[in-house]
Every structure is written in structure tokens, then in C-alpha cells.
Protein chains: 2
Amino acid sequence: MEKAIEIFVEDLLRRRKAHRDDGIPSLFDGLSEPNLQTLLFSSHVVEIEAGKEIIAQGDDVAYVFHILGGSVKTQRFSSDGKESTIRMLGAGETFMEDSVFFGYKSPVHAIAVKSGRMLIIPAETVQRRALTDPQFACNLLKILSRHYKNAIHQIDSIVAKSPVERLGYYFLKLHMEQGSDSMEIALPFQKSTIANHLGITPETFSRALAQIKKMGIDVEQDKLSLRDAYALCHFCDLDIGQSCPHFNTERCHLCADEKGRYRQA
Amino acid sequence: MEKAIEIFVEDLLRRRKAHRDDGIPSLFDGLSEPNLQTLLFSSHVVEIEAGKEIIAQGDDVAYVFHILGGSVKTQRFSSDGKESTIRMLGAGETFMEDSVFFGYKSPVHAIAVKSGRMLIIPAETVQRRALTDPQFACNLLKILSRHYKNAIHQIDSIVAKSPVERLGYYFLKLHMEQGSDSMEIALPFQKSTIANHLGITPETFSRALAQIKKMGIDVEQDKLSLRDAYALCHFCDLDIGQSCPHFNTERCHLCADEKGRYRQA
DNA sequence: CGGTTCCTTGACGCATATCAATCTGTGTGG
DNA sequence: CCACACAGATTGATATGCGTCAAGGAACCG
């Protein structure tokens, strides 16, 4: 086993003992140490360089990728050059795990955004482990479910929401992820990338920023600052609400104002 | 075990012997008979009535649903009444399997479109079986991967394609599913439902139909008829192409005309 | 500094949503 | 069997919101 992998495993076990868990399901959750070793035996750590294409649409998927550092986006290109950004991933996240189980061809391009390192696990190993280690299979199921749920949100946003609403929803998600106590949020990607992910042009994105500023949500450079803790509440919905501590209490503006509006009929 | 379930199991085993496989991954593929029995022991068969809501957005997910007959759509409603259709499902398909593994709350409404019957499997049973029966876990992975891939296509369509292109792409998918030899395709859902799934209004859908008619794709009532076998080729892409017998041969108009156009840097 | 990349702002046009009217098919009751 | 009602689909007229094009500004880097 590579030296880099050994270090990674050590780090993983250390973190596990410290009970650090950010809520995002991971490939490695709850795996026994021998199973972890087996899984990673044939894996490698590779460098990724910003801007480089990691895998192209239509390519055979030989590996499952786990990001150790840096960031990656997955997108599709249509024949007339338009692109649609499907996901934007950071450290700890995984991609191509879906293609291993259906299709074997990548439905998307994966492009490095920020340089960093990835763990690559041979597709064949992933398949084999999924059939032998039920915990591993369940981790994959959790990850895939999460991806799918995010995709549903993305569809819903694009179909039913205005650009400003999409932006607010995206910001709210960031806010929840980065710990909802801070009044400042760092934009993890460049604006044009986020814009494309939201299905709008950079120009419209920019105008939406101007709009949302009036609602107490200010963006300077790549830093988002909120006027107050409830500035983003307007963009809340049932899905996000479930992980909000104030949801369904009188402290939740949305619930207080519009109780039951989701429940009609 | 219910009588209805017994009949279902018998039917499943019979079909398995006959090697009938329509390419869509199923929950029950390759399960041993005892495992199948265990899985279905606590399941039930229920009737669904057209128009009725099966599960609401935000509900706790107590069952995984497998459609035996009839059809179902899943959609989200935004606060201002707009709806976005995520999936449209027919017999043999499954829903809510994703929520069982992440979130436990349904991200969508599920509404019966055509009356029929469903098999409902308790969520807890599904979880337990996934941890004990690796084959079952892999079936779930395949199904989820398929859902996710479809969601990616849906996002890509809405972001990057014109209404006519979306329509053509949707028709092409239908064409591939229903056996690509026939010149006639039945629309499995009512037009307004399809329109919403494609992220357009019924009016725009209708106008797109008029456009696409000029390209040799005619729709009368709910029957789609093609002028020739290649009428839909214009809407092909890499993902669909992979399951087309003529792809990457000189018989494929697209490949012949525009070879490599997807591959440019 | 000058060059590059990214973001912003403005002016404009078009495509799609919206609103409204008509048409078509289907089922219902007399 | 016809008249009627109703839902869904189509067609037309209008409006508007977003994309497109173009120019200017801001930050970064050699």
C-alpha cells in the first residue's frame, strides 16, 4: 500500500476516534479497520491540477474518486457549447460512484477547480467490496441518495424558482453547511461557476446579487455577510427546515407567518 | 404472507425463468428465493386510485413502493403554487428507496396518475435486508444510480436545451425504451404532465409539437409516429448513443456528420 | 505598469410564460 | 341518439424576464 494511503487511513481512524462528523455521509463511515485496509489496498493518491479535466463525458469509469483536498465540478456540455454544472464538490466528497453501478460510462465531465489531491479507488474494487461489505454498500447508498436528493432540489430550483430565489436557496444551504451561527459565509466557488450551477448566466447572477442585497444579504468579493440571523429564512423550505433548530417553533418567521402553507390539500 | 404477495412472487420467479429482462434494474433481480421471501414477508399489496396522493412532501417514509400496475408521478410544489415533476413511473419501477437511506423524509409528493396496484415494503425491512443481502444492496445501488443519472439528464435538458430539443430527447428516450424497431410510440402520460417534467408550460409543449412535426415526428392524440427510423437521431447524445446499435458506425447520421464534435477539448 | 481574468452594468431583442379564446374528444344524462 | 358539460389540448395576442452583446471596472499577477 502506498505511503500516502497509509497516512490517509491513520488520519481517518484518528478522526473517527475524535467523533468528528460533519453530517455528510462518507464512503468510509463505520468500516472495520481490516475492511478499510482491503478497500484501500489497491487505491492510489493522485494530484489534481486546477483546470484539468479528470474524466470526460462518455469515458469508461475506471475509478471512484474521493477528494482529499481542492475542489472539483462535474458538468455536461451540449453540442452547441452550452454547459450545465451538475455538482460542485469539495474535500471529503466522492464522485463517479454512481457510474460504477449503472452504465459504466461517465454521464459528465469532471474538472478540477482548485488544485489538491484525490484518492482513486478502482471501480472493480468498489463493486467487489459492495458485494462483500454490507456497511460499505450502505455508505454508497447514503451517498447516492444524497446526490439524488440534491439533484431533485436543483431541478426544482431551476423549474420553479426565480434567479433571486435560487440564489437565496443556495446561500441558505451554504449557511446550514458552514454552521448556522456565523454571519459570514465564504463562497466556495467562483461566481460564474455557481451561476451556471443555478442555471443562470453570470450577468443574471450579478443582478440577482444586487437584488438580494436589499434583503440584507451582502456579497463582497467572495464573502457573504448577513444582516441578521433570519435574513435567509425567506428562502427556507420544508427540506431545509427539517435541519433548522427553529423550524416549527414560534421563533421561525416562516412557520409563524405562513403556517401550513405547504400542507394545503 | 398475503395471498397477493404469493402470487407476485410466483409471477416473478416464472418471469425470471423465462429470462425476461427489460433492462431496467429491479429490486428483485438475482435474489435467492429464500431472500426474496424474507424481503416480502412483511410487505403488502395496496390499490392506488388515480389522482390520489400516496405520500406528501416532508412525510416520514415508512415504505418503499414498487409499482405493480398503473402509474405514479413524483413532484415538488413551491410555496407560490408552481410544481416541478421529478419523475414519472410505470409498472416495475420503484420510489422512495432513496429516502430510506438519507433523510427519512420524502423530498417529493407522490401522486397516482393511473389507478393500479403497488407493493409496499416497510422501510425498516429494506434497511435490514440491505445490510444482510449484498445482492439486494447492489440492486438498490443500481436503481438509485439510474435515478440519479436520469436526474442529471433532466437538469442538463432544462438548462441547456430548447423546448423542441427537450421534447425530441424525451421522445428518443421513449423510443429506445419501447423497442427501437417500432415507428409508433405511445405517450405514457398526459401531455401537460410531460410538459411539466420537461420544465415547460403545456402551451409551449403544444407549440413544440407543431415544430417537431416538421421534422417527421407526428403526434396524434397520445400516439407518436415517426416518418423514418432516423427521425429522432437529431436529438441523440453520447449517453443515449451508447445503447444505440448504429452508434459510431457509418449508419449513424450523427456520427457520420459530426464525428468528434463532443470531443473537442 | 500592462495584461489577463472575472465581475458588473447597461441597452436590446427574443423566447417563453401568461392570459384568453377556441377546439377536440370523452363521458353523462335525458 | 343527441345535447351538454368538462377536461385537456391547441392557437393567438401580449408581456416580460432572462439571455445576449458590448463596454467598463476591479482585482490579481507577472
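Bear in mind the structure is a predicted one, so any value in this text is a computation, not a measurement.

K.L.:
Explanation requested: the protein's contact with DNA strand D in the structure shown.
P.N.:
As a matter of local geometry, DNA strand D sits amid 16 residues, with Pro163 and Thr204 of chain A together with Lys191, Ser206 and Arg207 of chain B nearest to it. Sugar plus phosphate: this is where 73% of the atoms of DNA strand D within 4 Å of the protein reside. Here Glu203 of chain A contributes a side-chain N or O atom positioned 3.3 Å from a base nitrogen of DNA strand D. If you list the elements that add at least two residues to the surface near DNA strand D, you get helix 7 (202-213) of chain A together with helix 6 (191-197) and helix 7 (202-213) of chain B. Looking at the surface near DNA strand D element by element, the count peaks at four residues for helix 7 of chain B.

K.L.:
Sorry if this is basic, but what is going on with the relation of the copies chain B and chain A here?
P.N.:
One copy of the chain maps onto the second through a rotation about an axis and a displacement along it. The two copies are related by a screw motion: chain B maps onto chain A through a turn of 180° and a shift of 0.0 Å along the axis, at an RMSD of 0.1 Å. On the angle and the small slide along the axis, the relation comes out as a two-fold axis. Closest approach to the rotation axis within chain B is made by the C-alpha atom of Tyr148 of chain B, at a distance of 2.6 Å. The overlap is high: 100% of the interface residues of chain B also sit at the interface in chain A, so the same surface is used on both sides.

K.L.:
Looking at this structure, I do not really get the protein's contact with DNA strand C. What am I missing?
P.N.:
Around DNA strand C, 16 residues are found, and the nearest of them are Lys191 and Ser206 of chain A together with Pro163, Thr204 and Arg207 of chain B. Put simply, 70% of the atoms of DNA strand C that lie within 4 Å of the protein are in sugar or phosphate. One of the side-chain nitrogen or oxygen atoms of Arg207 of chain B is found 3.0 Å away from a base oxygen of DNA strand C. In terms of residue count, helix 7 of chain A provides more of the surface near DNA strand C than any other element does, four residues in total.

K.L.:
Would you take a moment to explain the side chain of Gln75 of chain B for this structure?
P.N.:
Residues and elements named next belong to chain B. Residue position: Gln75 is located in strand 3 (residues 63-77). Only 3.3 Å separates the side chain of Gln75 from the side chain of Glu83, close enough to count as a polar contact. For Gln75, the residues in contact, after removing those within four places along its chain, are Gln57, Glu83, Ser84, Thr85, Ile86, Val108, His109, Ile111 and Asn196.

K.L.:
Sorry if this is basic, but what is going on with the sheet that holds strand 9 (residues 223-226) of chain B here?
P.N.:
The strands making up a sheet are joined through hydrogen bonds of the backbone, oriented either antiparallel or parallel. Residue and element names in this part refer to chain B. Across the sheet, which stays open at both edges, the three strands sit in the order 7-9-8 with antiparallel pairing between neighbours. The sheet is open, and its two edges are formed by strand 7 (184-186) and strand 8 (217-220), each paired on a single side. Geometrically, the sheet is characterised by an average inter-axis angle of 25° between neighbouring strands, direction not taken into account. With four bridges joining them, strand 8 and strand 9 adopt antiparallel strand pairing. Among the inter-strand pairings, Val219 is bridged to a residue of strand 9, identified as Leu224.

K.L.:
What am I meant to see in the domain arrangement of chain A here?
P.N.:
Put simply, an interface is often sized by how much accessible area is lost when its parts join up. All names here are of chain A. In terms of domain boundaries, chain A breaks down into domain 1 (3-159) and domain 2 (161-258). Summed over both partners, the interface of domain 1 with domain 2 comes to about 1,400 Å²; 51% of that surface belongs to carbon and sulfur atoms. For domain 1, the biggest contributors to the area lost against domain 2 are Met88, His153 and Ser157; these three give 43% of the whole. Inspection of the region where domain 1 meets domain 2 yields one salt bridge. Residues Asp156 and Lys161 are paired through a salt bridge, measuring 4.0 Å at the closest nitrogen-oxygen approach. Among the elements of the structure, strand 3 (63-77), strand 4 (83-89), strand 6 (109-122) and helix 4 (134-160) are those that each provide at least two residues to the side of domain 1 that touches domain 2. Examining the composition of the side of domain 1 that touches domain 2, we find that nine residues originate from one element, helix 4, more than from any other. The residue inventory of the side of domain 1 that touches domain 2, partitioned by class, reads seven nonpolar, eight polar and seven charged.

K.L.:
Sorry, what's going on with the side chain of Lys73 of chain B here?
P.N.:
Tracing the sequence through the fold places Lys73 of chain B in strand 3. Buried charge without a salt bridge: Lys73 of chain B, with Glu83 of chain B as the nearest opposite-charge side chain at an N-O distance of 4.7 Å.

K.L.:
What's the story with helix 4 (residues 134-160) of chain B in this structure? I'm lost.
P.N.:
Residues that lie three or four places apart on an α-helix share one face, since the helix turns once every 3.6 residues. Residues and elements named next belong to chain B. For helix 4, with 27 residues, the first-to-last C-alpha span of 38 Å sits near the 39 Å given by 1.5 Å per residue. In terms of residue burial, helix 4 counts as a mostly covered element, since 22 of its 27 residues are buried. Its side-chain oxygen at 3.1 Å from the backbone nitrogen of Gln135, Asp133 defines the N-terminal cap of helix 4.

K.L.:
How do you make sense of the interface of chain B and chain A when you look at a structure like this?
P.N.:
Tallying the contact residues gives 51 residues for chain B and 51 residues for chain A. Both sides together, the interface formed by chain B and chain A hides about 5,100 Å², and carbon and sulfur atoms give 67% of it. The interface formed by chain B and chain A contains six salt bridges. Among the ionic pairs, Arg76 of chain A bridges to Asp156 of chain B, the shortest N-O distance being 3.0 Å. At the boundary of chain B with chain A, the tally comes to 10 residue pairs in polar contact (both at pLDDT 80 or more). Breaking the side of chain B that touches chain A down by element, the ones donating at least two residues are strand 4 (83-89), helix 3 (123-132), helix 4 and helix 8 (238-241) of chain B. Here the element with the most residues in the side of chain B that touches chain A is helix 4 of chain B; it accounts for 22 residues. Taken together, the residues of the side of chain B that touches chain A sort by class into 24 nonpolar, 12 polar and 15 charged.

Thresholds, definitions, all that
Residues numbered from 1 in each chain as written. Chains lettered and ligands numbered in written order. Predicted model: local features only at pLDDT ≥ 70, side-chain atom pairs only at ≥ 80, totals over all residues. Heavy atoms only, no water. Near = heavy atom within 4 Å. Polar contact = N/O pair within 3.5 Å; in protein donor to acceptor, adjacent residues only side chain to side chain. Helix = DSSP H or I, 4+ residues; strand = E, 2+ residues; numbered from the N terminus. Least-squares fit on C-alpha atoms with pLDDT ≥ 70 in both. Contact = heavy atoms within 4.5 Å. Pairing = 2+ DSSP bridges. Axes fitted to C-alpha atoms, helices over the stretch in contact; angles between N-to-C directions. Domains from an automatic or database assignment. Buried area = accessible area lost by both parts, 1.4 Å probe. Salt bridge = Lys/Arg side-chain N within 4 Å of Asp/Glu carboxyl O. Nonpolar A, V, L, I, M, F, W, Y, C, P; charged D, E, K, R; others polar. Buried < 20%, exposed > 50% of the residue type's maximum accessible area, 1.4 Å probe, protein only. Lys, Arg positive; Asp, Glu negative; His and termini not counted. Expected span 1.5 Å × (residues − 1).

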